[in-house]
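Observations on the model geometry
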Amino acid sequence: MCGIAGIVGFRAPISLDVLAAMNQRLIHRGPDDGGQWISADGEVGLASRRLAILDLSAAGHQPMSSPDGKLWLAFNGEIYNYVELREELASHGHSFRTQTDTEVVLAAYAQWGEACVQRFNGMFGLAIWDSHRQVLFAARDRFGEKPFYYIRLADRLVFASEIKALLADSEVPRTLDDVTVARYLGLALVDCDDRTFFAGVRQLPAAHTLTVTRSGNVALKRYWDLDLSRSASGDATAVDEFRTLLTDSVNIRLRSDVPVGSSLSGGLDSSGIVCTMRTLLGQHPSATQKTFSARYRNSRTDEGRYIQAVVDCTGIESHNVFIEGEDLEKDLDRFIWYHDEPVAHTSQFAQWKVMGLARDCGVTVLLDGQGADEIIGGYPSPTFGYRYAELLTGGHGFTLIRELAAFQRNHGNVGTAVRYMAGALLPDSLKSFARTRLRGTTGLVSNGAGREAPRGSAPPSAPLLRRALYETLTVTSLPSLLRYGDRNSMAFSREARLPFLDHRLVEFAFSLPSDRLVSNGMTKVILRRALSGSIPDAVRDRTDKVGFATPERDWLAGPLRPRMERALADLKRRGIVPADAVDHQWSEFLAGRGLSGNVWRLANLELWIQQFIDRTSSPVATSA
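The structure contained in this document is the topic of the report that follows. Computed from a prediction, not measured in an experiment: that's the story for all the values here. (Residues numbered from 1 in each chain as written. Predicted model: local features only at pLDDT ≥ 70, side-chain atom pairs only at ≥ 80, totals over all residues. Heavy atoms only, no water.)

**Here's the deal with the overall build of the protein**
Inclusion rule: A helix here means a DSSP run of H or I that spans at least four residues, while a strand means a run of E at least two residues long, and both kinds are numbered starting from the N terminus. Values of the radius of gyration come from C-alpha atoms, whereas the globule rule sets the reference at 2.2 Å times the count of residues to the power 0.38. Each accessible area is a Shrake-Rupley result for a 1.4 Å probe, and residues are judged covered by the shown protein chains and nothing else. Positive charges are assigned to Lys and Arg, negative charges to Asp and Glu, while His and the chain termini are left out of the count. A charge is said to be at NZ when it belongs to Lys, at CZ for Arg, at CG for Asp and at CD for Glu.
Across its full length, the protein holds 24 helices and 17 strands. Here the protein has a C-alpha radius of gyration of 24 Å; the compact-globule value for 624 residues is 25 Å, and the two agree. The dimensions of the protein, computed from C-alpha atoms along their principal axes, are 70 × 60 × 45 Å. Of the accessible surface of the protein, which amounts to about 22,700 Å², a share of 49% is contributed by carbon and sulfur atoms. Taken together, the 71 basic and 72 acidic charged side chains of the protein have centroids lying 3 Å from each other.

**Quick look at unusual backbone geometry**
Note on backbone geometry: most residues besides glycine have negative phi, and most peptide bonds are trans. Condition: Burial classes follow relative accessibility: with a 1.4 Å probe on protein chains only, a residue under 20% of its type's maximum area counts as buried, one over 50% as exposed, and anything between as partly exposed.
With an omega of -5 degrees, the peptide bond between Gln 62 and Pro 63 qualifies as cis. Tracing the backbone through its elements, the reader meets Pro 63 in the loop between β3 (44-50) and β4 (64-65). Positive phi, close to 60 degrees, is recorded for Ala 207, a residue that is not glycine. Its location among the elements puts Ala 207 in the loop between β10 (202-203) and β11 (208-213). The class for Ala 207 is buried, based on a relative accessible area of 0%. Despite not being glycine, Ser 493 has its phi angle at roughly 55 degrees, a positive value. Looking at where Ser 493 falls in the secondary structure, it is placed in the loop between α17 (478-491) and β17 (495-497). Judged by relative accessible area, Ser 493 falls into the buried class, the value being 11%.

**What about the sheet that holds strand β15 (residues 317-322)?**
Backbone hydrogen bonds are what pair the strands of a sheet, in a parallel or an antiparallel way. We count it as follows: A pair of strands is treated as paired once DSSP finds two or more bridges between them. Axes here refer to lines fitted to C-alpha atoms; in helices the fit is confined to the stretch in contact. Angles between the N-to-C directions go from 0 to 180 degrees. What makes two residues a contact is simply this: any of their non-hydrogen atoms within 4.5 Å.
Reading across from one edge, β15-β14-β13-β16-β17 is the order of the 5 strands in this open sheet, with parallel pairing throughout. The sheet is open, and its two edges are formed by β15 and β17, each paired on a single side. Within this sheet the neighbouring strands show an average axis-to-axis angle of 30 degrees, counted without direction. Two strands pair when backbone bridges link them, and strand β13 (residues 260-263) and strand β16 (residues 365-367) are joined in this way by 3 bridges, in the parallel orientation. Across the sheet, residue Val 260 finds its bridge partner in β16, namely Val 365. Sitting on the sheet, helix α8 (residues 304-314) touches β14 (287-295) and β15, and the angle it makes with β14 is about 170 degrees.

**Description of the sheet that holds strand β2 (residues 33-38)**
On the basis of which strands lie adjacent, the open sheet formed by 6 strands has the order β2-β3-β1-β9-β8-β10 and antiparallel pairing. Two strands bound the open sheet, and with one partner strand each, they are β2 and β10. Summarising the sheet, strand β8 (residues 149-152) and β10 pair through 2 bridges and their orientation is antiparallel. The residue of β10 that forms the bridge with Tyr 150 is Arg 202. Each of β1 (2-9), β2, β3 and β9 (156-160) is contacted by helix α1 (residues 16-24), which is oriented at about 155 degrees to β2, the strand it contacts most.

**Overview of empty space enclosed by the protein**
What counts here: In this analysis a 1.4 Å probe is tested at points of a 1 Å grid over the protein atoms alone, and where it fits but cannot get out there is a cavity; an open set with protein on both sides within 12 Å along at least five of seven lines is a pocket; lining residues have an atom within 4 Å of a point. Grid points are joined across faces, edges and corners, and a volume is the space filled by probe spheres set on the points. For this classification, Asp, Glu, Lys and Arg are treated as charged, while Ala, Val, Leu, Ile, Met, Phe, Trp, Tyr, Cys and Pro are nonpolar and the rest, including Gly, are polar.
Scanning the model with the defined rule gives 7 cavities of 30 Å³ or more in all. Taken as a whole, the largest cavity holds about 120 Å³ of empty space. Lining the largest cavity are 13 residues, with Leu 482, Gly 485, Asp 486, Ala 496 and Leu 498 positioned closest to its centre. Sort the elements by how many residues they give to the lining of the largest cavity and α17 lands first, with 5 residues. Its residues assigned to classes, the lining of the largest cavity comprises 5 nonpolar, 4 polar and 4 charged.

**Quick look at the packing of aromatic side chains**
What counts, and what does not: Centres within 6.5 Å are what make two rings of Phe, Tyr or Trp a pair, Trp counting through its six-membered ring; a difference in plane orientation under 30 degrees is then read as stacked, over 60 as edge-to-face, and the rest as tilted. Only Lys NZ and Arg CZ are tested; either one counts as a charge over a ring when it is within 6 Å of the ring centre and within 35 degrees of the ring normal.
If you walk through the whole model with that rule in mind, you get 22 aromatic pairs. Plain terms: the ring middles of Trp 337 and Phe 612 are 5.1 Å apart, the flat faces sit at 10 degrees to each other, and that makes the pair stacked. Linking Trp 337 in helix α9 (residues 325-339) with Phe 612 in helix α24 (residues 596-612), this pair joins segments that are 275 residues apart in sequence. On the basis of relative accessible area, Trp 337 is assigned to the buried category, the value being 4%. One Lys or Arg, Arg 542, reaches over the ring of Tyr 306 and ends 3.7 Å from the middle of that ring.

**Quick word on the layout of surface pockets**
Here the second largest pocket is characterised by a volume of approximately 520 Å³. As for the second largest pocket, its lining consists of 34 residues, and the residues nearest its centre are Pro 205, Ala 206, Arg 222, Thr 474 and Pro 479. Those elements that place two or more of their residues in the lining of the second largest pocket are α16 (464-476) and α17. Per-element accounting of the lining of the second largest pocket gives the leading share, 5 residues, to α17. Looking at the lining of the second largest pocket, its residues break down into 15 nonpolar, 6 polar and 13 charged.

Structural measurements only, silent on function.
Written out as structure tokens, the structure reads:
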């Protein structure tokens, strides 16, 4: 796990000072080592900061070159199947001098060219300078777990793992992207396409490669996508296959030369990962029995009893951090700095604190349950809504009635299920409008961008639920969660690994019939069945969903209130958002009617602007 940066000059020399400054801004991503490489003509440069996970020796230094010196690689991420790839590449005549996956990436490119990325099972943002072709080849993993940002300037392309590194180049503009800001305020959407909050700065889309020539030609290409037309039988063997795939996904993500633990929220997903790890620990000396959880005193969002159930079941060593609003108030400037862009929900601060706890306990790598909601249906509204809409439009009325009755038994209000279904049946043109109305954000944006969400590329012929999950996976949910997870973990020089995003498991999940995901008033049916007997019944049979929720309203009205009021007052003076709309959101919140998230996003936007747009540097830049 690392931070990478680079500059490709278009027949023009690059600034070595800028490259060094970019690398320095990524030191938190890789505190163990750092390096730079400059081409002989001074027109191409790569930089890297290393967090040593595999082969802790100096042999893992980056940027790393091929044996003939014709290829240079800056690599951020992990290739979990590097052991198997190494054996295959050795059979083709490649030799290896390290035990790193970085060297395997270089050999894979030398052997298979740009198609090598299709063989990687992992998370990555990488850049290879190919002096044979005089081309920079860059790539990002299938789901976008690891970041890659870039901007094309007049005489060069600049790229990095984080935008703050790009800003070390004084010619990178600090200008707001109006479309991104509008989506953030109106729909609470971020990272839903290649745009960022900085006009001109783009992120390489997940499952894409980028090539840059010396003449300035920049080309993007998708190298992988889900096949939504594939259909598994969904018979009794499906549960066994899902369990086998999940177990192997966890198994290869335990490969490490530093301690590996896990986050534990108390929900089904993270509990399943922890319990699966427990059965595999003997095979991995670096794996530990330590888990890290966010807790809240005197709050309905606290998941302590479910966390304790997993602890009692497994005998693991549990570590908890109890979070208060004062913690966020104290850490707010650092939190904003490390995230680079505004954060839509305070729930991400819980993960921030969990990563800090892991650092304090000496665990470098954490497995996490992120991704399960998007692949097997964990969010109640789209999951139930589109499943029931499928039954209604498919003429399965009796099954629908039976399922609605089960929803009533498990959740207590069948009217909620009907609302979910009605929302799923709305035309796409009305869904974003309805979302802004429900959130009460109509007055926050003055253009149509904030009222229209990007759509996924799922074919209309795919089943409704499968299309909905594909959209949460690629547009509305997972991309932002992955950005948050990367920044939270890297702020503390930790690595987060996500077994549910193994592409083999995702491809299988998206081939399953809908009743394997939603049935008898329950979501994630196949996971519940796959984990039967290995996790506590109290966790397996949960019907609620909490996750990393925070007591946000109490925090904003309490310890954070002075910061919120000052930030909202400053935002009104900018004229970005109508002043009366800002006042309305604050008064509605104080009256208990408005959503706390609306207030948070407005204030967070202003505090972010103060750090990244108003200033040329941040006092937080050199902090731990």
